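# Working through the structure, step by step
Chain by chain, the residues:
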Amino acid sequence: MPVPALRTLSFGETLDGAFSLYRRHFGVLVGTSLLGGLAAFLLVFVVFLLAAASLAGQASFGGFIRALLALGLAAGAAASLLWCMLTYVAAQAYTTGEASVAEGVNAGMRGTPAVLGSGVIAAVFLYAVTTPFRDAYWRFVLNLVTDSST
């Protein structure tokens, strides 16, 4: 099947193409979504149980933050896996007309580290860029609070 020509589509053409793609490849798309969603749920659930077990004996704020960080990374990895799987399957279904759940899982496993890594790099960059503004904001808030209490 030839690759479709790239051109600007109207809103109706976009919807029509999306729904016809869903109809033709419903089983593969739903199977990939279920498999990826189940993997994502299990990953986040296991990390949640481990974090809850580590916090059971202690009530430190640092432990809570570490557990939230681990849970956030697990959720990011799970979302990246699901996104990579579905993107590959949808692209294959659109361009070649052939897609399978196994290919989606394989592509998801290969693409997840890069997607997750770029997300972590973006988060670190945004944290570094916004730090001066956050500090100034909290100084402003503290000044407001201390001025209003006197």
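Preceding this paragraph is the structure being described.
In this report, we go over the structure that sits alongside the text.

How each quantity is defined
- By convention here, each chain's residues receive numbers from 1 onward along its written sequence.
- Where local features are concerned, this predicted model is filtered to residues with pLDDT of at least 70; where side-chain atom pairs are given and counted, the filter is 80 or more; whole-chain, interface and lining totals use all residues.
- Each side-chain value is derived from all of the structure's non-hydrogen atoms; neither hydrogens nor water enter the calculation.
- Should a side-chain nitrogen of Lys or Arg be within 4 Å of a carboxyl oxygen of Asp or Glu, the pair is scored as a salt bridge.
- Only protein chains enter the area calculation, which uses a 1.4 Å probe; residues under 20% of their type maximum are buried, those over 50% are exposed, and those in between are partly exposed.
- Working definition: rings of Phe, Tyr and Trp (its six-membered ring) pair if their centres are within 6.5 Å, and the pair is stacked with planes under 30 degrees apart, edge-to-face with planes over 60 apart, and tilted otherwise.
- Here a helix means four or more residues in a row that DSSP labels H or I, a strand means two or more in a row labelled E, and each is numbered from the N terminus.

## Side note on the pattern of salt bridges
If the charged atoms of two oppositely charged side chains come close together, the side chains can form a pair. The full count for this structure, using the stated rule, is one salt bridge. With a shortest N-O distance of 3.2 Å, glutamate 13 and arginine 7 are connected by a salt bridge. Residue class for glutamate 13 comes out partly exposed when judged on its relative accessible area of 35%. For arginine 7, a relative accessible area of 54% puts it in the exposed group.

## With respect to the packing of aromatic side chains
Taken as a whole, this structure holds two aromatic pairs when the rule is applied. On the basis of an interplanar angle of 80° and a centroid distance of 6.2 Å, the ring pair of phenylalanine 19 and tyrosine 22 is categorised as edge-to-face. Of this pair, phenylalanine 19 and tyrosine 22 both sit in helix H1 (residues 11-24), three residues apart, roughly one helical turn. Residue classification places tyrosine 22 among the partly exposed positions, given a relative accessible area of 45%. Pairing phenylalanine 41 with phenylalanine 45 gives two aromatic rings, centres 5.6 Å apart and planes at 15°, and the pair type is stacked. Residue phenylalanine 41 and its partner phenylalanine 45 are both found in helix H2 (residues 26-55); the two are separated by four residues, about one turn of the helix.

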